[in-house]
Amino acid sequence: MKNLVYKTVILFTVFLPFLLFGLAMAIIPNPLHILATISGMEYIWLIMFGAMVLGLLYWMYYFEEEGEITEEFMALDTNHDGYITRKTACSINGLKRLCEEFDRYDADHDGKISRQEFGEFERVNNSPLNHLVHQ
């Protein structure tokens, strides 16, 4: 599901402006004549609409990502103290990279990974571009 969200956000971000422009060209009668009569103010409204769409897609991606990171962190925080220890990170097969780079992500060097530190690990190792490249 996470992969599908990444691909969908990237595809919409790239192609939505072109799809909307093509749709407008298909619906509007005599579109080239109308485009020639448009002033700068109408273009500003179109740019603002495009920026709002891109912003909406970004926030959709951001909230999805943060929710999944929090959910995964809570599952790994076995004693529910708000931290992942080195022992926990090294005992779980899927966290081999976190185990190997534990000191790098333990920013305050207290021997534990907090939710924020785990979020940084997830963002670096699970970026959308990494998912697209490593499939």
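You'll find the structure just up there.
Since this is a predicted model, take the numbers as computed values, not measurements.

Digging into the side chain of Arg 115
Here is step 1: With respect to the helices, strands and loops of the structure, Arg 115 is situated in helix α7 (residues 115–125).
Here is step 2: When sequence neighbours within four positions are dropped, the list of residues in contact with Arg 115 reads Glu 66, Ile 69, Thr 70, Phe 73 and Gly 82.

Overview of the pattern of salt bridges
Here is step 1: Per the counting criterion, the structure on display carries three salt bridges.
Here is step 2: In this structure, the salt-bridge partner of Lys 96 is Glu 100, at a minimum N-O distance of 4.0 Å. Taken together, the residues span about one helical turn, with Lys 96 and Glu 100 both in helix α5 (residues 96–100) at a distance of four residues.
Here is step 3: Between Glu 101 and Arg 104 there is a salt bridge, and its shortest N-O distance comes to 3.4 Å.
Here is step 4: The partly exposed category is assigned to Glu 101, whose relative accessible area is 25%.

A short note on the state of the cysteines
A disulfide bridge is the covalent bond that connects two cysteines by way of their sulfur atoms.
Here is step 1: Using the criterion set out here, one finds one disulfide in the structure.
Here is step 2: A sulfur-sulfur separation of 1.9 Å characterises the disulfide bridge that pairs Cys 90 with Cys 99. Taking the torsion about the sulfur-sulfur bond, which here is approximately 85 degrees, the covalent link between Cys 90 and Cys 99 counts as right-handed.
Here is step 3: Accessibility expressed as a relative area gives 40% for Cys 90, which makes it partly exposed.
Here is step 4: The partly exposed category is assigned to Cys 99, whose relative accessible area is 22%.

As for a nonpolar patch on the surface
Here is step 1: Residues Leu 20, Leu 23, Ile 27, Ile 28, Ile 34, Phe 49 and Met 52 make up a contiguous nonpolar surface patch of about 630 Å² in total accessible area.
Here is step 2: Elements represented by at least two residues in the nonpolar patch include exactly α1 (2–27) and α3 (40–76).
Here is step 3: In terms of residues, the nonpolar patch owes the most to one element, α1, which gives three residues.
Here is step 4: Among the residues examined, Met 52 registers a relative accessible area of 56% and is labelled exposed.

The rules behind the values
- Residues numbered from 1 in each chain as written.
- Predicted model: local features only at pLDDT ≥ 70, side-chain atom pairs only at ≥ 80, totals over all residues.
- Heavy atoms only, no water.
- Helix = DSSP H or I, 4+ residues; strand = E, 2+ residues; numbered from the N terminus.
- Contact = heavy atoms within 4.5 Å.
- Salt bridge = Lys/Arg side-chain N within 4 Å of Asp/Glu carboxyl O.
- Buried < 20%, exposed > 50% of the residue type's maximum accessible area, 1.4 Å probe, protein only.
- Disulfide = S-S within 2.5 Å.
- Patch = residues over 30% accessible without salt bridge, like charges linked within 9 Å, V, L, I, M, F, W, Y side chains within 5 Å.
- Areas by Shrake-Rupley, 256 points an atom, 1.4 Å probe, with all protein chains shown as cover.

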